Amino acid sequence: GYNVPPVWFATINSIMCIICTVPLTRLFARLPLSLSTVIGYLLMGASFGTLLAAPTLLAHPGWLTAAIVLSSLSEILISTVGLAQVAKLAPRHLMSTYMAIWLLTTALGSKLAGMIGSRLPLRLSFAVLMLLTLIAAAATMLLRRRLDVAALPTIPKPINIPDEMSQELPQHAT
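What counts and how
Going along each chain's sequence as written, the residues are numbered from 1 onward. In view of the model being predicted, local features appear only for residues whose pLDDT reaches at least 70, and side-chain atom pairs are presented and counted only at 80 or more, with totals across whole chains, interfaces and linings using the full set of residues. Only heavy atoms go into the side-chain values, all of them from the structure, while hydrogens and water stay out. For every element, the axis is a line fit to its C-alpha atoms; helices are fit only across the contacting stretch, and the angle between N-to-C directions ranges from 0 to 180 degrees. The numbering of helices and of strands both runs from the N terminus, where a helix is a DSSP run of H or I of at least 4 residues and a strand a run of E of at least 2. Angles are sorted into four bins: roughly parallel if under 35 degrees, roughly antiparallel if over 145, roughly perpendicular if 65 to 115, and oblique for all others. Working rule for handedness: look at the near helix, and if it is turned counterclockwise from the far one by less than a right angle, call the crossing left-handed; if clockwise, right-handed. Each residue is assigned to one of three groups, with Ala, Val, Leu, Ile, Met, Phe, Trp, Tyr, Cys and Pro labelled nonpolar, Asp, Glu, Lys and Arg labelled charged, and all others, Gly among them, labelled polar. Any pair of residues with heavy atoms lying within 4.5 Å of one another is described as a contacting pair. Residues with no salt bridge and a relative accessible area higher than 30% make up the patches, which join like charges within 9 Å and nonpolar side chains (Val, Leu, Ile, Met, Phe, Trp, Tyr) within 5 Å. Throughout, the Shrake-Rupley method with a 1.4 Å probe supplies accessible areas, and for residues the shown protein chains are the sole cover considered. We define a salt bridge as a contact between a side-chain nitrogen of Lys or Arg and a carboxyl oxygen of Asp or Glu at a distance within 4 Å. Only protein chains enter the accessibility calculation, which uses a 1.4 Å probe; a residue whose area is less than 20% of its type maximum is buried, one above 50% is exposed, and one in between is partly exposed. Confidence of the predictor at the level of single residues is captured by pLDDT, which takes values from 0 to 100. Multiply 1.5 Å by the residue count of a helix minus one, and that product is the helix's expected span. The angle between axes fitted to the seven-residue stretch ending at a residue and the seven-residue stretch beginning at it gives the bend at that residue.

Taken N-terminus to C-terminus, the directions of helix α2 (residues 33-53) and helix α3 (residues 61-89) make an angle of 160 degrees; their axes are 8 Å apart at the nearest point. It follows from the interaxial angle that α2 and α3 lie roughly antiparallel. Relative to α3, the crossing made by α2 is left-handed. Classifying every residue of the contact of α2 with α3 by side-chain character gives 17 nonpolar, nine polar and one charged.

Two elements in contact, helix α1 (residues 6-29) and α3, have axes whose closest approach is 8 Å; the angle formed by their N-to-C orientations is 40 degrees. Of the possible angle classes, the one that applies to α1 and α3 is oblique. Where α1 crosses over α3, the handedness of that crossing is right-handed. Residues Phe-9, Ile-12, Asn-13, Met-16, Cys-17, Cys-20, Thr-21, Leu-24, Thr-25 and Phe-28 of α1 touch α3, and the partners they reach there are Pro-61, Leu-64, Thr-65, Ile-68, Val-69, Ser-72, Leu-73, Glu-75, Ile-76, Leu-77 and Thr-80. For the contact of α1 with α3, the per-class residue count stands at 14 nonpolar, six polar and one charged.

Moving on, we get to a nonpolar patch on the surface. On the surface, Tyr-2, Val-7 and Trp-8 cluster together into a nonpolar patch covering about 390 Å² of accessible area. Tyr-2 sits in the exposed class, given a relative accessible area of 62%.

Right, let's talk about the side chain of Ser-36 for a bit. With respect to the helices and strands, the residue Ser-36 is situated in helix α2. Residue Ser-36 is classed as buried on the basis of its relative accessible area of 0%.

The predicted coordinates of low-pLDDT regions are not to be read in fine detail. In this model, the protein carries an average pLDDT of 84, and 84% of its residues clear a pLDDT of 70 or more. Mean pLDDT across the elements of the protein ranges from a minimum in helix α6 (residues 163-166), with 56, to a maximum in α2, with 93.

Next up on the list: α1. Here α1 spans 34 Å end to end across 24 residues, near enough to the 34 Å set by a 1.5 Å rise per residue. In α1, a bend of some 50 degrees at Cys-20 exceeds every other bend along the element, and Pro-23, a proline, comes one to four places later. For α1, the set of buried residues is Phe-9, Ile-12, Met-16, Cys-17, Cys-20, Leu-24 and Phe-28. Each element contacted by the buried residues of α1 is listed here: α2 and α3.

Okay, structure coming up:
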């Protein structure tokens, strides 16, 4: 067989992010924000499922490539669109704090995934991580109405007109 250099696999994520970020962001900009998050979680679950289904020995590089492509698409939907969602939902004066919390939770999630992967057998860690992403997708689906309502643009409050100005306005018959 032919040995594929590991660096080739490392470039797949970068290529996918460069090629797919703008089209996916434009596509999902028209849809509810929670939907992109759910699809992102489902793609990540499919990525772990692909790794779980792959043969343990002498696996074709296509298995790993498929898992990386699915994971990259998930990253675009969850990270890019998710950060935009945080920016949209956060109060303006706390936006930077909310974004920092978003990035911190991403870092903690990565650390947790690494801890799970290092303490469990490989296939079991793929199964646990797949299950966790599917649970996250289900939780997001359950909360989607709250997330989507919170993301709707707010209607500005009516402007109070001082009394002297209101006298100049035409009176309507009641």
